[in-house]
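# Analysis of the macromolecular model
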Amino acid sequence: MTGSYSQAYGRADDGSPCPLCFATTYAGNACPTCFLPVRVMDSIRSRAELPRFLGVLGTSGAGKTVYLGMLVDLLARGAGGLHGLAQGPFTLNLQRKLILALERQRFPEKTPVESDRWDWVHCEVQAAKGKTPFEIVAPDVAGEAVVGELETQGTYKTICALIARCSGLVILVDVVQVVADGKGQELFAMQLISYLDAIRPRKRRRKIDIPVAVVFTKTDLCDQPIGDAEDFARANTPSLYSQCKTRLDRCTFHLSGVAGSTGRLIDRNGHEMLVPLRVEPRGVVEPLAWMVGQFR
Ligand SMILES: Nc1nc2c(ncn2[C@@H]2O[C@H](COP(=O)(O)OP(=O)(O)OP(=O)(O)O)[C@@H](O)[C@H]2O)c(=O)[nH]1
Ligand SMILES: [Mg+2]
């Protein structure tokens, strides 16, 4: 859908539909159905263009906060042929949290499970000079909420609405767990694709047509460098790879990492903690750059 919010839905006051789930909303309140925060609704309604919602989903600890925070930071600086302009001061929260943490050689705190505490980002993204910019909106959700929603549909309404509505999906898969031969990451990604398949209306026998980027995170922690993301997926997550090929119309695989080197700290209680010693992002903007080319 193109055009502005007011062109599409009328004036943005009591009774206007929610930009994410289309339920009726009331001025000054979060959406009563999907809990889209007022600040995000207001930001969307203030813009001339309707945004594209982006799902950045993964299990708890897969690297969503680090990935999304770094994506906003790189877009703000201009990277990978994309330039982003934050809409609404709330967009800077996530970027600030990540950058402040990295400056202290720490990773950010885990995301609380309560949806009203999630950070959202709203960016205008310019792909190339002369091209019409587009807007993306994405929440930094908690992994437990994603897993909970996949287990029981409707438990986490924001996640449900996001998957039903998003124009593109980034599935984060923790490469460390994959290399350690755990099947959890692969099964999660497969369950997410099955959920997407079940929730999105489409013609019979057609493949899911939204672009899906499978991103292996934390590749900086791998002892052996990984050459090609698709070869890695085929060899290490074969069931996920074949599900992507059979059920998704447009899918790519990427390798990402944010730290150039990491160290291990033991705190006073004896807990081991991974800390980033150098920041060297790679493969963060590429999935979005690919997706931009896919948006119809
Ligand atoms: N070396 C390295 N470690 C990473 C990277 N991204 C994340 N990590 C590690 O993974 C942990 C979890 O990352 P988060 O981004 O907080 O994970 P999340 O998916 O947001 O997790 P929840 O908030 O619990 O859903 C971090 O504390 C780091 O230890 C990366 O690019 N490189
Ligand atoms: Mg998080």
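The coordinates are above.
First things first, this report covers the structure right here in the doc. (Residues numbered from 1 in each chain as written. Chains lettered and ligands numbered in written order. Predicted model: local features only at pLDDT ≥ 70, side-chain atom pairs only at ≥ 80, totals over all residues. Heavy atoms only, no water.)

Helix and strand counts for the protein stand at eleven helices and nine strands. Its C-alpha atoms give the protein a radius of gyration of 19 Å, near enough to 19 Å, the size a compact globule of 296 residues would have. Its C-alpha atoms give the protein principal-axis dimensions of about 55 × 45 × 40 Å. The 296 residues of the protein split such that 50% are buried. If you take every contact in the protein between residues at least 6 apart in sequence, the share linking residues at least 24 apart comes to 69%. Working note: accessible area of the protein is about 14,000 Å², and carbon and sulfur atoms make up 50% of it. Considering the protein, the positive charge centre built from 35 side chains and the negative charge centre built from 31 side chains are found 5 Å apart. (Helix = DSSP H or I, 4+ residues; strand = E, 2+ residues; numbered from the N terminus. Rg over C-alpha atoms; globule rule 2.2 N^0.38 Å. Buried < 20%, exposed > 50% of the residue type's maximum accessible area, 1.4 Å probe, protein only. Contact = heavy atoms within 4.5 Å. Areas by Shrake-Rupley, 256 points an atom, 1.4 Å probe, with all protein chains shown as cover. Lys, Arg positive; Asp, Glu negative; His and termini not counted. Charge placed at Lys NZ, Arg CZ, Asp CG, Glu CD.)

Turning next to the coordination of the magnesium ion (ligand 2). Protein coordination of the magnesium ion (ligand 2) is provided by T65 (OG1) and T111 (OG1), with donor distances spanning 2.0 Å. One end of the pair, T65, is in helix α3 (residues 64-77); the other, T111, is in the loop between α4 (91-103) and β3 (119-126), with 46 residues separating them in the sequence. The same class applies to T65 as to T111, namely buried. (Donors = N, O, S within 2.8 Å, 3.2 Å for Na, K, Ca; no water.)

What follows deals with the packing of aromatic side chains. All chains considered together, the criterion is met by three aromatic pairs. Ring plane angle 80° and centroid distance 4.9 Å describe the contact between F216 and F232, whose orientation is recorded as edge-to-face. Of this pair, F216 sits in strand β6 (residues 212-217) while F232 sits in helix α9 (residues 229-236), placing them 16 residues apart in sequence. We classify F232 as buried; its relative accessible area is 9%. (Phe/Tyr/Trp six-rings, centres within 6.5 Å; stacked < 30°, edge-to-face > 60°.)

Here we take up the pairing of β3. Burial within β3 is extensive, with seven of its eight residues counted as buried. Note that β3 and strand β4 (residues 134-140) share seven bridges and pair antiparallel. Paired with E124 across the strands is E135, a residue of β4. (Pairing = 2+ DSSP bridges.)

A few words on the sheet that holds strand β5 (residues 168-174). Spatially, the seven strands line up as an open sheet ordered β2-β3-β4-β1-β5-β6-β7, and their pairing is mixed. Each edge of the open sheet is held by one strand with a lone partner, namely β2 (83-86) and β7 (251-255). Within the sheet, the average angular offset between the axes of one strand and its neighbour, ignoring direction, is 25°. For β5 and β6, the ladder comprises six bridges, and the chain directions are parallel. Bridge pairing in β6 places D174 opposite T217. Against the sheet, helix α2 (residues 38-45) touches β1 (52-57), β3 and β4, its axis set at about 20° to β3. Sheet strands touched by α4: β2, β3 and β4. Its angle to β3, the strand with the most contacts, is close to 100°. (Axes fitted to C-alpha atoms, helices over the stretch in contact; angles between N-to-C directions.)

This paragraph deals with the site of ligand 1. Close to ligand 1 lie 21 residues; S60, K64, K110, G143 and D220 are nearest. Within the backbone of A62, a nitrogen or oxygen atom sits 3.3 Å from an oxygen atom of ligand 1. Elements represented by at least two residues in the shell around ligand 1 include exactly α3 and β8 (257-266). Among the elements that line the shell around ligand 1, the one with the most residues is β8, at four residues. Residue classes in the shell around ligand 1 are distributed as eight nonpolar, nine polar and four charged. (Near = heavy atom within 4 Å. Polar contact = N/O pair within 3.5 Å; in protein donor to acceptor, adjacent residues only side chain to side chain. Nonpolar A, V, L, I, M, F, W, Y, C, P; charged D, E, K, R; others polar.)

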